[in-house]
Amino acid sequence: MQDQQSTAIAPSTKSAGRTSAGVSFAARLGFEDIVHTVGSTTILSGISLTAEPGEILCLLGPSGSGKTTMLRIAAGIERQTAGRLVLNGQEIAGPDAFVPPEKRGIGLMFQDFALFPHMSIAENVRFGLTALSGAASKREAMVALERVGLADVARQYPHTLSGGEQQRVALARALTPRPTVLLMDEPFSGLDSRLKDVVRTDTLQILRESRATAIIVTHDAEEAMRMGDRIALLRDGRLVQVGTAAQLYSRPADLFTAGFFSELNVIEGEVRGGRVVTALGPVADSLLSDGTPVTVALRLMGLRLEEQSSGVLGRIVARRFLGGVDLMTVAIEGLDYPLRSRMRAGIVPDGKRDVVVSVDLQDVIVFEKTPDHR
Ligand SMILES: Nc1ncnc2c1ncn2[C@@H]1O[C@H](COP(=O)(O)OP(=O)(O)OP(=O)(O)O)[C@@H](O)[C@H]1O
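Residues numbered from 1 in each chain as written. Predicted model: local features only at pLDDT ≥ 70, side-chain atom pairs only at ≥ 80, totals over all residues.

- For the protein chain, an unreviewed UniProt entry supplies the name ABC transporter ATP-binding protein and the organism Aurantimonas marianensis.
- Checking UniProt for the protein chain, the heading Sequence similarities (unreviewed entry) contains the comment "Belongs to the ABC transporter superfamily." (UniProt positions renumbered as here; feature names shortened; annotations may be inferred.)

See the structure below:
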């Protein structure tokens, strides 16, 4: 998160935050118990979430979980069924108010960049600056293009640029009106995987410099971890968990969250004498009472296969070399389905089939069985 003291300056309330082409003011955007239904379908069920000033907040979730709908509501393209949307303490959508999209000072950047093909790069970037004179908007557009490192292509047309460059133009266009909050819907999904890394890093730097609050939608957990100061995980229109990447990774609220952040083996267990006992032996300590059934999530890198040592016997039934690691499928004595293990390549010699299986305790997450986890 950015230094909130220096960025959390409440803008003029008349237009709910839009400033002219001066410095950006980061805003606090709050979703308060937002419900959205279309016909008989509930798309969002009571979402309460705040993006703090200067923060990059990632909305993460599988397809159809309601991420884009949240952005559309924030932008004012869609009006929620119930609940309030609050910008710097002022209701901008709710029972008492509806500030139209163009007066919110909230920018929206689309997945496909949506550049106008018949306009030059500079004209594309100037597009959102209708309030400024020609000369002032030209100047602002050039400043924005310089900020994204593309001033020298200002006269070119979008089709002459690479995907990564087009993304940066779209970012410059979205930032030129100095939004207090920038909403980005899957901003990297159109880029090939080699480009993504560089563009993400550049985008992060540009967002930090712009000081806008940013909400980024993604379905990719690794992307959310790279980009977000915090991550809000959604499922079926509900907020499952909000926190830093480290919190969601190490203390996931449920199996769904755990599975979103790591590839897992899932096995059953039971608490006996203060320990969680599974087919792999005791895998964790537990304060739960004896006999409590639990579900154990085991990250693939936490399943170690060794040649000698004590432990449970296993047999490697499939093996794939993935560069730095070997992905191995191993049948375990006492388990009626195989588990998977990721280990540094070559640690288990090629051709080795019979192994002893052990578990790295830091890669074990235990969930008490609830109807959700069954
Ligand atoms: N206007 C609408 N009418 C009916 N259903 C809708 C409407 N808008 C969205 N939905 C449904 O609401 C759910 C959430 O949609 P939304 O686009 O917000 O999800 P998402 O998490 O952004 O998914 P994706 O990653 O696929 O874009 C989906 O099941 C979608 O089909």
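Still more to cover.
## A short note on the environment of Pro187
Thinking step 1. Along the polypeptide, Pro187 turns up in the loop between β7 (181-185) and α6 (193-210).
Thinking step 2. A residue is classified by how many C-beta atoms lie within 10 Å of it, and Pro187, with 26 of them, is buried.
Thinking step 3. Sequence separation between Pro187 and Phe110 is 77 residues, and the spatial gap between their C-alpha atoms is 6.7 Å.
Thinking step 4. Residue contacts for Pro187: discarding those within four places in its chain leaves Met109, Gln167, Thr203 and Ile216. (Helix = DSSP H or I, 4+ residues; strand = E, 2+ residues; numbered from the N terminus. Buried ≥ 20, exposed ≤ 12 C-beta atoms within 10 Å, placed from the backbone. Contact = placed C-beta atoms within 7 Å.)

## Focus on unusual backbone geometry
Thinking step 1. Of note, Asp33 is a non-glycine position whose phi angle comes to about 50°, a positive value.
Thinking step 2. With phi around 45°, Glu186 is a residue other than glycine that occupies positive phi space.
Thinking step 3. Turning to its location among the elements, Glu186 is positioned in the loop between β7 and α6.

## Thoughts on the nonpolar core
Thinking step 1. Of all hydrophobic cores here, the largest spans 86 residues; its most connected members are Ala74, Leu145, Val181, Leu182, Leu183 and Ile215.
Thinking step 2. With six residues, the single largest contributor to this core is helix α5 (residues 163-175).
Thinking step 3. Each of two domains, domain 1 (4-256) and domain 2 (262-368), supplies a minimum of three residues to this core.
Thinking step 4. Excluding residues that lie within four positions of it along the chain, Ile215 makes contacts with Ala51, Leu57, Leu59, Leu71, Ala74, Val181 and Leu183. (Core = buried A, V, L, I, M, F, W, Y, C linked by C-beta atoms within 7 Å. Domains from an automatic or database assignment.)

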